[in-house]
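Below, each chain spelled out in residue letters.
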Amino acid sequence: MHILLLGCGGQVGWELQRSLAVLGRVTALDHDSTQHCGDFANPQGVRETLRALRPDVIVNAAAHTAVDKAESEPELAQLLNATTPGVLAEEAARTGAWLIHYSTDYVFDGSGERPWTEADTPAPLSVYGATKLEGERLIQASGCRHLILRTSWVYAARGGNFARTMLRLASERERLTVIDDQWGAPTGADLLADVTAHAIRHLQTRPEDGGLYHCVAGGATNWHSYAKYVLAQAQQGPAAIELKATEVAPVPTSAFPTPARRPHNSRLDTHKLQSTFGLQLPPWQQGVARMLAEIL
Ligand SMILES: NC(=O)c1ccc[n+]([C@@H]2O[C@H](COP(=O)([O-])OP(=O)(O)OC[C@H]3O[C@@H](n4cnc5c(N)ncnc54)[C@H](OP(=O)(O)O)[C@@H]3O)[C@@H](O)[C@H]2O)c1
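Quantities reported herein were computed from a predicted structural model and do not represent experimental measurements. (Residues numbered from 1 in each chain as written. Predicted model: local features only at pLDDT ≥ 70, side-chain atom pairs only at ≥ 80, totals over all residues. Heavy atoms only, no water.)

**What to know about the overall build of the chain**
Summing up its helical and strand segments, the chain has ten helices and twelve strands in all. Taken over the C-alpha trace, the chain has a radius of gyration of 19 Å; the compact-globule value for 296 residues is 19 Å, and the two agree within 12%. For the C-alpha atoms alone, the extent of the chain along its principal axes is close to 60 × 40 × 40 Å. Expressed as a percentage of the 296 residues in the chain, the buried residues total 51%. For the chain, the share of sequence-separated contacts (at least 6 apart) that also reach a separation of at least 24 residues comes to 79%. About 13200 Å² of surface is accessible on the chain, with carbon and sulfur atoms providing 50% of the total. Side-chain charges of the chain comprise 26 positive and 31 negative groups, with the mean position of each set lying 3 Å from the other. (Helix = DSSP H or I, 4+ residues; strand = E, 2+ residues; numbered from the N terminus. Rg over C-alpha atoms; globule rule 2.2 N^0.38 Å. Buried < 20%, exposed > 50% of the residue type's maximum accessible area, 1.4 Å probe, protein only. Contact = heavy atoms within 4.5 Å. Areas by Shrake-Rupley, 256 points an atom, 1.4 Å probe, with all protein chains shown as cover. Lys, Arg positive; Asp, Glu negative; His and termini not counted. Charge placed at Lys NZ, Arg CZ, Asp CG, Glu CD.)

**Observations regarding the pattern of salt bridges**
Under the definition given, this model contains 15 salt bridges. Between Arg47 and Glu90 there is a salt bridge, with the nearest N and O atoms lying 2.9 Å from each other. Within this pair, whereas Arg47 is found in helix α2 (residues 43–53), its partner Glu90 is found in helix α4 (residues 74–95), the two being separated by 43 residues in sequence. A relative accessible area of 41% places Glu90 in the partly exposed class. (Salt bridge = Lys/Arg side-chain N within 4 Å of Asp/Glu carboxyl O.)

**Regarding the packing of aromatic side chains**
Any two aromatic rings considered together are summarised by their centre-to-centre distance and by the angle between their planes. Applying the stated criterion to the full structure yields nine aromatic pairs. Consider the rings of Phe162 and Tyr226, whose centres lie 4.7 Å apart with planes at 35°: the pair is tilted. One end of the pair, Phe162, is in helix α6 (residues 162–172); the other, Tyr226, is in helix α8 (residues 223–234), and 64 residues separate them in sequence. Connected via pairs of aromatic rings, a cluster forms that spans Trp153, Phe162, Trp223, Tyr226, Tyr229 and Trp284. Here the guanidinium or amino end of Arg158 rests over the ring plane of Trp14, the centre of that ring lying 3.7 Å away. (Phe/Tyr/Trp six-rings, centres within 6.5 Å; stacked < 30°, edge-to-face > 60°. Lys NZ or Arg CZ within 6 Å of the ring centre and 35° of its normal.)

**Looking at the nonpolar core**
Core analysis: the largest hydrophobic core is formed by 56 residues, its most contacted members being Leu16, Leu20, Val59, Leu176, Leu231 and Leu273. Setting aside anything within four residues of it in sequence, one finds Leu176 in contact with Met166, Leu169, Ala170, Leu231, Ala245, Glu247, Val248 and Ala249. Among the nonpolar cores identified, the runner-up in size contains 19 residues, and Leu29, Leu53, Leu88 and Ile148 belong to it. (Core = buried A, V, L, I, M, F, W, Y, C linked by side-chain atoms within 4.5 Å.)

Purely geometric numbers; function is a separate question.
Here you go:
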């Protein structure tokens, strides 16, 4: 099996380089790759790459993920999150390749408290959410064989992440304020990559199981509780670190105005994924504790 991985340097893309390696030959591209075009700002270049490589599976981890910046550059967000994924879908439909793609909790408006299911109606609040939804729809409309995994609050040990930011702030300040009215599940890029590899295997014998699925770690939390969990974990065990912060105060979203509106309720229901693919998604704390053990 020849797998083309796009966006290989991102959080999820990096973990996919590891998890996909056992499935076959992987060609991994990022936007600055030189041998083949992996730049989503150049849809025609990406189309030519697909025609030259003719992969059996296309895994798309590239995206415009800067949620606030997307508000001021909607054309670029549209290109990266919708137009070029649409090109991937057209080419996959033409050749019979599988297209694996990631989407987001930000397709929902965040109302209510119930976890969103795949059958719920999206109503994005931001340019990022709207362009990601458009990407989903272009893929679905193309008729290609596809798997779309909607996820939330992605973190990885590599690069910057929320936990690292909290640890830095807690070592500099006595008091932190963190939002407590946005709910979701922190989801490890490694978990997403492992689920992806498992699903690709599954789809080889059960192609009828392709489609749209929610994929997040188990349970739910808010950013304030997530921060408290990170700081508590960092202060225990053999690698315990000393922190200056003595108070982590909860504040509403309105305390941190941002260009993009974010959903309050980002809980995603994962029953469909777990039952279709025979998977058990571990509680979010498990992955966060593991990531902390790696970075501390
Ligand atoms: N991060 C989250 O919290 C989150 C939540 C829900 C869903 N998702 C979805 O999960 C998927 C993976 O996200 P992630 O967290 O791994 O994001 P990420 O770390 O920001 O990775 C995105 C990747 O896209 C690349 N990219 C940027 N501009 C590009 C271009 N013009 N052409 C090709 N590649 C380009 C980035 O390269 P550079 O780093 O070099 O710019 C990076 O490798 C995305 O579909 C995202 O929408 C993420």
